[in-house]
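Fold and contact review
The residues making up each chain are set out below.
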Amino acid sequence: LFMVYALSSWLTKLMASAGYSLGSALTFVLTLNFGAMLGAVGGGWLADRFHIKWVLFSMYVLAAVSITLLGVKMPTEWLFVVVGLAGASTIGTQIVANAYTGQFYPMAIRSTGLGWALGIGRGGAILAPILIGVLVGMALPLQQNFIAIAVPAVVAAVAVLLIDHRR
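Let me sum up the structure you'll find in this document. (Residues numbered from 1 in each chain as written. Predicted model: local features only at pLDDT ≥ 70, side-chain atom pairs only at ≥ 80, totals over all residues. Heavy atoms only, no water.)

Details of the packing of helix α2 (residues 22–49) against helix α4 (residues 76–104)
- Orientation of α2 relative to α4, taken along the N-to-C sense of each, is 50 degrees, at an axis distance of 6 Å. One element, α2, and the other, α4, form an angle in the oblique class. Between α2 and α4 lies a crossing whose hand is right-handed. Residues Ser-24, Thr-27, Phe-28, Thr-31, Leu-32, Asn-33, Gly-35, Ala-36, Gly-39, Ala-40, Gly-43 and Gly-44 of α2 form the contact with α4, whose own contacting residues are Leu-79, Phe-80, Val-83, Gly-84, Ala-86, Gly-87, Ala-88, Ile-91, Gly-92, Ile-95 and Val-96. (Axes fitted to C-alpha atoms, helices over the stretch in contact; angles between N-to-C directions. Helix = DSSP H or I, 4+ residues; strand = E, 2+ residues; numbered from the N terminus. Parallel < 35°, antiparallel > 145°, perpendicular 65-115°, else oblique. Left-handed = near helix turned anticlockwise from the far one by under 90°. Contact = heavy atoms within 4.5 Å.)

In structure tokens, the structure reads:
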């Protein structure tokens, strides 16, 4: 949720500070959410065909890469593709992660497990706009702001790798 709320709250400002017009910067948010829709549906489809753990791991890695690439100068058309991938691999991944929680926990504690997962994630949702706001206020280079947003994706990918299904 850190990545979701950081991008939802600050993408427009970050892209405007990178020199894109306000109209383009707002279109990036639309593209982010369109990508989220595709990521949720596509991630669910992949999770039905492959082990959901590896789908989530791959989506988190894609999130780390795509968010980091947002700070790299590239043609606007490619940037829209990268923003869409960032949406698919952050907001879309959050939805797939909820499905994973439902599969991982036994029926007797499934709702408790999902509640804990979302409750802990809510901490990131609260912290992200504040932390990214502080970073933007420090006038760091654009790339460093996006790296800060991408760090939780790396942490999540490692966390998913550490889940042991044998237990």
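Here's the deal with the nonpolar core
- Among the nonpolar cores identified, the biggest contains 44 residues, and Leu-7, Leu-11, Ile-67, Leu-70, Phe-146 and Ile-149 are the most heavily contacted of them.
- Secondary-structure elements contributing two or more residues to this core are α1 (2–17), α2, α3 (52–69), α4, α5 (110–137) and α6 (142–161). (Core = buried A, V, L, I, M, F, W, Y, C linked by side-chain atoms within 4.5 Å. Buried < 20%, exposed > 50% of the residue type's maximum accessible area, 1.4 Å probe, protein only.)

Observations concerning a nonpolar patch on the surface
- Side chains of Trp-54, Val-154, Val-158, Leu-161 and Leu-162 sit close together on the surface and give an oily, nonpolar patch of about 490 Å² of accessible area.
- The element that contributes the greatest number of residues to the nonpolar patch is α6, accounting for 3 residues.
- Examined against the element boundaries, Val-154 turns out to sit in helix α6.
- According to the relative accessible area criterion, Val-154 is partly exposed, its value standing at 45%. (Patch = residues over 30% accessible without salt bridge, like charges linked within 9 Å, V, L, I, M, F, W, Y side chains within 5 Å. Areas by Shrake-Rupley, 256 points an atom, 1.4 Å probe, with all protein chains shown as cover. Salt bridge = Lys/Arg side-chain N within 4 Å of Asp/Glu carboxyl O.)

Some details on the packing of α1 against α6
- At a minimum axis separation of 11 Å, α1 and α6 run at an interaxial angle of 170 degrees. By the angle between their axes, α1 is roughly antiparallel relative to α6. Between α1, through Phe-2, Met-3, Ala-6, Leu-7, Leu-11, Leu-14, Met-15 and Ser-17, and α6, the contact on the second element is made entirely by Leu-142, Asn-145, Phe-146, Ala-148, Ile-149, Pro-152 and Ala-153.
- A breakdown of the residues in the contact of α1 with α6 according to their chemical character gives 13 nonpolar, 2 polar and no charged. (Nonpolar A, V, L, I, M, F, W, Y, C, P; charged D, E, K, R; others polar.)

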